[in-house]
Every structure is written in structure tokens, then in C-alpha cells.
Amino acid sequence: MDVHCTADQSDSLIYILENGVRFFPSRRYITARSGVVINLTENSYRFLTLLLKGETDKQNIINQVWHEQRGAVSDSSYYGQIYLLRKTLDQVGISSAMIKTLPRRGVKYMGKVEMIPDMAELSPTPLNHNESSRMQENKPEAEPVIRELSTSVVSNINNKFSEFAWFNSRHFHLLVTIIAIIAVCWLSTLAVAVFIFLI
């Protein structure tokens, strides 16, 4: 896959998953049959699109999800994104086990995926009120009403995402390096002191 998923025709599709869950790439959200809606970050949207299209190779996924960084991201960013996607699937009623890690190779979506055209994306102009009413009358059943997630759940997802972003920062890596150097120096000094005391 050479084309970045941001410029892909998959934006004009709707992915139908288990339990009536739908992923709308063009609108960057995933919905449950119950009406729960979860908005996705740009990286989550890209990652999920690649998984649902059958991409499994870790390096290909990294290169396309983080293409602005030319794929130069840490493993913690990669695994953090997998964690966020699993949490998202749990919240819409799909087992997080559907995203399976393939040791030393990558990751794979194990569930069923059906793709249908997103008529809202393909439609050049919005329907007027009369046309919309006629279409609703001919519909056997209306789509579930979409309602927003509670603020606490959204903030929980954002907090988890920012936790992973902090672990990937240069400041965090610098802090860990300094602590490691101090620990080694302290232990070396202690070992020399014990050795001198015993002699």
C-alpha cells in the first residue's frame, strides 16, 4: 500500500463491523447500534482504516499512520495507538481481542468487515426537505439516532492518549536517562565505599 490513507477513496465508504458497528472514515467517527458515537483522532482514523483494509505489517502501518514523521516514531506510540483502538472497540460493543498482535510482524483485525458506499459523500447536493421526507417514508426502518458520548468518557480517552504522547516526548526520555545515570553513579559510589570499608 503506497497511498496514504488520508488521500484514499476509502473515505467514500462505510465499514460495517460486528454487532452493527459502523465506521465512517470521511467523518472520522465510529458508531454503535445503540447510537453511541466515538470521534477518532487522525492517527486512530488512519490506523483503523488500514486494519480494516487488511494491512498487517507493522512498518507499513507506521509509515502510513505517521507519514508526516516519515515513520520515525517509537514503539510506544505504535502500541499506544493499538491500545486506544482496542478501548474504542470495547466502547462500541466489539471485543478488543478482534485486534490481534502478530509477534514480530504487526497487527491484524480478526472480525468481519463489509464495505458499502457512503451515500452522503457521493451525493453532490443535499436533499431538500420534501425529498428527505419521501425517502424516510420508503425506508423500512430508520437508522439509530446518533447521540454523543458523555464528556467523562471522551475526556478519559483524551487523557489516555495524552499519557502516551507524554511518554514519547524528548523530555521524558531525557529524564529517564538522567535518573539512570544518577542511579549508576550512586550504586558505584556505594560499592566502592563498601569495598573500602571491608578492607
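This one's a predicted model, so the numbers in the text were calculated from it and none came from an experiment.

(A) Up close: the overall build of the chain. Each helix and strand counted, the chain has seven helices and eight strands in total. Sequence-distant contacts, at least 24 apart, represent 57% of the contacts inside the chain between residues at least 6 apart. Accessible area of the chain: about 12700 Å², with a carbon and sulfur share of 60%.

(B) View of the pattern of salt bridges. Here the structure, examined in full by the defined rule, presents four salt bridges. Between Glu 42 and Arg 28 there is a salt bridge, with the nearest N and O atoms lying 3.5 Å from each other. Within this pair, whereas Glu 42 is found in helix H1 (residues 42-52), its partner Arg 28 is found in the loop between strand E2 (22-24) and strand E3 (29-31), the two being separated by 14 residues in sequence. Judged by relative accessible area, which is 32%, Glu 42 ranks as partly exposed. Between Glu 68 and Arg 46 there is a salt bridge, with its nearest N and O atoms 2.8 Å apart. Of this pair, Glu 68 sits in the loop between helix H2 (58-65) and helix H3 (75-91) while Arg 46 sits in helix H1, and the two are 22 residues apart along the sequence. Through salt bridges with shared partners, one network takes in Arg 28, Glu 42, Arg 46 and Glu 68.

(C) Geometry of the nonpolar core. Formed by 28 residues in total, the largest nonpolar core has its most connected members in Ile 30 and Phe 47. Elements that contribute at least two residues to this core include exactly strand E4 (36-39), H1, H2, H3 and strand E6 (106-109).

(D) Here's a closer look at the pairing of strand E5 (residues 99-102). Pairing of E5 with E6 involves four bridges; the strand directions are antiparallel. By the bridge assignment, Leu 102 is partnered in E6 with Gly 106. What sits between the antiparallel neighbours E5 and E6 is a turn of three residues, in which Arg 104 has the positive phi angle 60°.

(E) Representation of a nonpolar patch on the surface. On the surface, a cluster of nonpolar side chains totalling about 720 Å² of accessible area is made up of Trp 186, Leu 187, Leu 190, Val 194, Phe 197 and Leu 198. The topology assignment puts Phe 197 in helix H7 (residues 170-198). Overall, Phe 197 belongs to the exposed group, its relative accessible area being 72%.

(F) Seen up close, the packing of aromatic side chains. Counting across every chain of the model gives five aromatic pairs. Pairwise contacts between aromatic rings join Phe 47, Trp 66, Tyr 78 and Tyr 79 into one cluster. Here Arg 28 stacks its cationic end above the ring of Tyr 45, 3.6 Å away from the centre of that ring.

(G) Structural detail: the side chain of Thr 88. Locating Thr 88 in the fold gives a position in helix H3. The contacts of Thr 88, once residues within four sequence positions are left out, are Ile 30, Ile 38 and Leu 40.

(H) Inspection of unusual backbone geometry at higher detail. Located in the positive-phi region is Asn 19, a residue other than glycine, with phi close to 55°. By the secondary structure assignment, Asn 19 is in the loop between strand E1 (13-16) and E2. For Arg 28, which is not glycine, the phi dihedral falls at a positive 60°.

Reading guide: rules and limits
- Residues numbered from 1 in each chain as written.
- Predicted model: local features only at pLDDT ≥ 70, side-chain atom pairs only at ≥ 80, totals over all residues.
- Heavy atoms only, no water.
- Helix = DSSP H or I, 4+ residues; strand = E, 2+ residues; numbered from the N terminus.
- Contact = heavy atoms within 4.5 Å.
- Areas by Shrake-Rupley, 256 points an atom, 1.4 Å probe, with all protein chains shown as cover.
- Salt bridge = Lys/Arg side-chain N within 4 Å of Asp/Glu carboxyl O.
- Buried < 20%, exposed > 50% of the residue type's maximum accessible area, 1.4 Å probe, protein only.
- Core = buried A, V, L, I, M, F, W, Y, C linked by side-chain atoms within 4.5 Å.
- Pairing = 2+ DSSP bridges.
- Patch = residues over 30% accessible without salt bridge, like charges linked within 9 Å, V, L, I, M, F, W, Y side chains within 5 Å.
- Phe/Tyr/Trp six-rings, centres within 6.5 Å; stacked < 30°, edge-to-face > 60°.
- Lys NZ or Arg CZ within 6 Å of the ring centre and 35° of its normal.

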